[in-house]
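These are the residues of each chain, in order.
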Amino acid sequence: MNKDYIIEQLKKQIEGFEAKAATEKVGTVSEIGDGIARITGLSDALASEMLEFENGAVGVALNLEEDRVGAMILGEYKNIKEGDTVKSTGKILSVPVGENFIGRVIDPLGAPLDGKGEIKSDKFYPIEKIAPGVITRKSVHQPVQTGIKAIDAMIPIGRGQRELIIGDRQTGKTAIAIDAIINQKGQSMKCIYVAIGQKESKVARIVAELEARGAMEYTTVIVAGASDSAPLSFIAPYSGCALGEYFMDKGEDVLIVYDDLSRHAWAYRQISLILRRPPGREAYPGDIFYLHSRLLERSAKLSEEFGGGSITALPIIETQAGDVSAYIPTNVISITDGQIYLEADLFYKGIRPALNVGISVSRVGSAAQIKAMKKVAGKLRLDVAQFRELEAFAQFGSDLDEKTRTQIERGKRTIEILKQGQYEPMAVENQVAIIYAVTNGFLDDVAVEKVSQWENDFHKYLKSSQKEVLSLIAEKKELSDDVVAKLEKAIGEFKEVYQNGE
């Protein structure tokens, strides 16, 4: 290559050179520890702005003080040291969203954890967003079938509702949420399960169960494990909500489980105390109520003009020794549209799901039920409530009148019917059929210990010989006189077959 040619090329490059000036706002780490950095020199930083550290780590500005910025670091912070430079990016913290995330296990920043390769996405949603206003919403009117008899009948959940699942540890809170996800198969519902501070082994078991039952086809699992830092646990539910909003904006229905918000509050308390924010009741910062309300208010049923999509939230809260009046439980109860309260005593008695019907409530009520369920459920709730009253009363007196004895006997059978195994969600038409049978006295002559077997055989009989009755309930969604006559005839025929079989 000759000398003239090289000179010629250099001249061309010099002629085509354009000087560009770029301004970058740069600060310095003055203090680092426990996932929190204090930075000087970033006076123009915005609240919740993404910051980029020298080693490539990402931080989020939380405290904007006069002389410095307090930021939480997402992910590994041990390689960051005092004196490192920090750049402000001008972007609010956003996470990737899209269809490709369905069926995957990811971390709160959208990175895959399941070893199935990279997830491509060119769309980002901010993790913090103002909740839909009153005008954009529509009242809750469509049911979310959980497949759990006791819940679908007495504490119905509707699309766009926030229903709290609350109870002590090991009372079956997660089991109810996972059953609800499994039951969404074929219901045109996207599901998101957010594990906050959960043991990785527990999450692995849940993912395996969802895969085995074909539920991962429409589910995304977001994991901030027990070994992850507090900042990741803090942003996990907001990431899940951002992904849910992507589907809601497309007019789809989404079910999100936040498991659990007690750990989320602990993570936020830890971050706030390290940032030296003033502690309040139980050492939580003053804005702990706002933390959960701005998350849960984003669940909504949008009106048709705005796409008609919905986000239904099932937040989970763990109580200590059944104390529902503690700070975080009362906060979240006041934000949500009702609660499913699980009681340890009932759980140990073998009544599972261990639902306390007295404290549990759905503030949407029968608006989230099909007409057929509405008809049979009113009687069921009354039966259970009366049984609880009479059961306590009957322990003291043996000489009960005939009517009271009948009510107690029917109550025992009703409680047996409401028991349900884990991972055994039931179609709504089967629920209506069995609840109709028990509330109308068709099981009064069946021994209590044989009720469970009777129910199993009854469902098998309906499936094999009385498909028409089930399809009528599923199609019409109401118990007309014609449907009731056919259902009673089916129950009568089954009872004959059952007795002869015995």
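### Quick notes on helix H5 (residues 230-249)
Every α-helix carries 3.6 residues per turn, so stepping three or four residues along brings you back to the same face. The terminal C-alpha atoms of H5, which comprises 20 residues, lie 30 Å apart, in line with the 28 Å expected from a rise of 1.5 Å per residue. Ala-236 marks where H5 bends most, by close to 35°; the proline Pro-237 follows one to four residues later. Across the 20 residues that make up H5, a large majority, 19, are buried. The first or second residue beyond H5 is Gly-251, which carries a positive phi of 85°.

### What about the packing of helix H10 (residues 371-394) against helix H12 (residues 428-439)?
It is at 9 Å that the axes of H10 and H12 come closest, and there the two elements cross at 45°. If you check the angle between H10 and H12, you find them oblique. Between H10 and H12 lies a crossing of left-handed hand. Listed contacts from H12 to Ala-372, Met-373, Val-376, Lys-379, Leu-380 and Asp-383 of H10 are Val-428, Gln-431, Val-432, Ile-435, Tyr-436 and Thr-439.

### Re the nonpolar core
Residues Met-154, Ile-181, Leu-210, Val-221, Ile-340, Trp-454 and Leu-479 are the most contacted members of the largest nonpolar core, which totals 82 residues. Leaving out residues up to four positions away in the same chain, Ile-181 has contacts with Cys-191, Tyr-193, Leu-210, Ala-215, Tyr-218, Thr-219, Leu-255 and Val-257. Counting 58 residues, the second largest nonpolar core, distinct from the first, contains Phe-101, Ala-313, Val-332 and Ile-335.

### Some points on the side chain of Ser-299
By secondary structure assignment, the location of Ser-299 is in the loop between helix H7 (288-296) and strand S14 (310-318). The residues touching Ser-299, leaving out its near neighbours within four places in the chain, are Arg-137, Gly-160, Arg-162, Ile-311 and Ala-313.

### A few points about the pattern of salt bridges
One pass over the structure, following the stated rule, counts 34 salt bridges. Linking Lys-495 and Asp-445 is a salt bridge whose minimum nitrogen-to-oxygen distance equals 2.9 Å. You can see Lys-495 sitting in helix H15 (residues 481-501) and its partner Asp-445 sitting in the loop between H12 and helix H13 (451-465), a full 50 residues away along the chain. The class of Asp-445 is exposed, set by a relative accessible area of 52%.

### Concerning a nonpolar patch on the surface
Together, Tyr-5, Ile-6, Leu-10 and Ile-14 make up an exposed nonpolar region whose accessible area comes to about 410 Å². The partly exposed category is assigned to Leu-10, whose relative accessible area is 45%.

### Considerations on the sheet that holds strand S10 (residues 164-167)
Sheet architecture is open: eight strands sit in the order S8-S12-S11-S13-S14-S10-S15-S16, paired in mixed fashion. Across the chains shown, the open sheet's two edge strands, defined by having one partner strand only, are strand S8 (105-106) and strand S16 (361-362). With two bridges joining them, strand S15 (residues 338-342) and S16 adopt antiparallel strand pairing. Each bridged residue has a counterpart across the sheet, and for Gly-338 the counterpart in S16 is Ser-362. Across the sheet, helix H4 (residues 200-212) touches S8, strand S11 (189-198), strand S12 (219-225) and strand S13 (253-259), and the angle it forms with S12 is around 175°.

### Remarks on the packing of H5 against H7
Running from N to C, H5 and H7 cross one another at 20°; their axes reach a closest spacing of 10 Å. Of the possible angle classes, the one that applies to H5 and H7 is roughly parallel. The way H5 lies across H7 gives a crossing that is left-handed. Between H5, through Phe-234, Pro-237, Tyr-238 and Cys-241, and H7, the contact on the second element is made entirely by Leu-291, Arg-294 and Leu-295.

### Quick notes on unusual backbone geometry
Residue Asp-260 is reached from Asp-259 by a cis peptide bond, and omega for that bond is -5°. Along the polypeptide, Asp-260 turns up in the loop between S13 and helix H6 (261-274). Of note, the amide linkage connecting Arg-352 to Pro-353 takes the cis form, showing an omega dihedral of 0°. Tracing the backbone shows Pro-353 in the loop between helix H9 (344-348) and S16.

### Re the sheet that holds strand S3 (residues 49-53)
Strand order in the closed barrel formed by six strands is S1-S2-S5-S4-S3-S6, and the pairing between neighbours is antiparallel. On average, adjacent strands in this sheet sit at an angle of 45° to one another, irrespective of strand direction.

### Considerations on the pairing of strand S4 (residues 58-64)
Of all seven residues in S4, five are buried, a share of seventy percent or more. Relative to S4, S3 runs antiparallel, the two being bridged by three bridges. Within S4, the position partnered with Met-50 by the bridge is Val-60. Across six bridges, S4 lies against strand S5 (residues 68-74) in antiparallel orientation. Considered in S5, the bridge of Ala-61 is made with Ala-71. In sequence, S4 turns back onto S5 through a hairpin of three residues.

### Describing helix H14 (residues 467-476)
The set of residues buried in H14 consists of Val-469, Leu-470, Leu-472 and Ile-473. On an axial view of H14, the arc spanned by its buried residues comes to 160°, and they lie on one face. For H14, exposure combined with an orientation more than 90 degrees from the buried face picks out Lys-467 and Glu-475.

Rules and cut-offs
- Sequence positions are assigned chain by chain, starting from 1 and proceeding in written order.
- At least 70 in pLDDT is required for a residue's local features to be given in this predicted model, at least 80 for side-chain atom pairs to be given and counted, and no such filter applies to totals for whole chains, interfaces and linings, which use all residues.
- Hydrogens are left out, water is left out, and the side-chain values use all remaining heavy atoms of the structure.
- Helix numbering and strand numbering both begin at the N terminus, where a helix is a DSSP run of H or I of at least 4 residues and a strand a DSSP run of E of at least 2.
- By definition here, a helix of n residues has an expected span of 1.5 Å times n minus one.
- Fitting one axis to the seven residues ending at a residue and another to the seven starting there, the bend at that residue is the angle between the two axes.
- Think of it in three bands: with a 1.4 Å probe and only protein chains considered, a residue is buried below 20% of the maximum accessible area for its type, exposed above 50%, and partly exposed in between.
- In this analysis, axes come from line fits to C-alpha atoms, helices being fitted only over the stretch in contact, and the angle between any two N-to-C directions falls in the range 0 to 180 degrees.
- An angle below 35 degrees is read as roughly parallel, one above 145 as roughly antiparallel, one from 65 to 115 as roughly perpendicular, and any other as oblique.
- Left-handed describes a crossing whose near helix is turned anticlockwise from the far helix by less than a right angle; the clockwise case is right-handed.
- Note on definitions: a residue-residue contact is assigned when non-hydrogen atoms from the two residues lie within 4.5 Å.
- For the purposes of this section, nonpolar cores are sets of buried Ala, Val, Leu, Ile, Met, Phe, Trp, Tyr and Cys residues that join through side-chain atoms within 4.5 Å.
- Definition used for salt bridges: Asp or Glu carboxyl oxygen within 4 Å of a side-chain nitrogen of Lys or Arg.
- Nonpolar side chains (Val, Leu, Ile, Met, Phe, Trp, Tyr) within 5 Å and like charges within 9 Å form the patches, drawn only from residues with over 30% relative accessible area and no salt bridge.
- A 1.4 Å probe and the Shrake-Rupley method give the accessible areas. Residues count as covered only by the protein chains that appear here.
- For two strands to count as paired, DSSP must find a minimum of two bridges between them.
- This arc is taken over the directions from the axis of the helix to the C-beta atoms.

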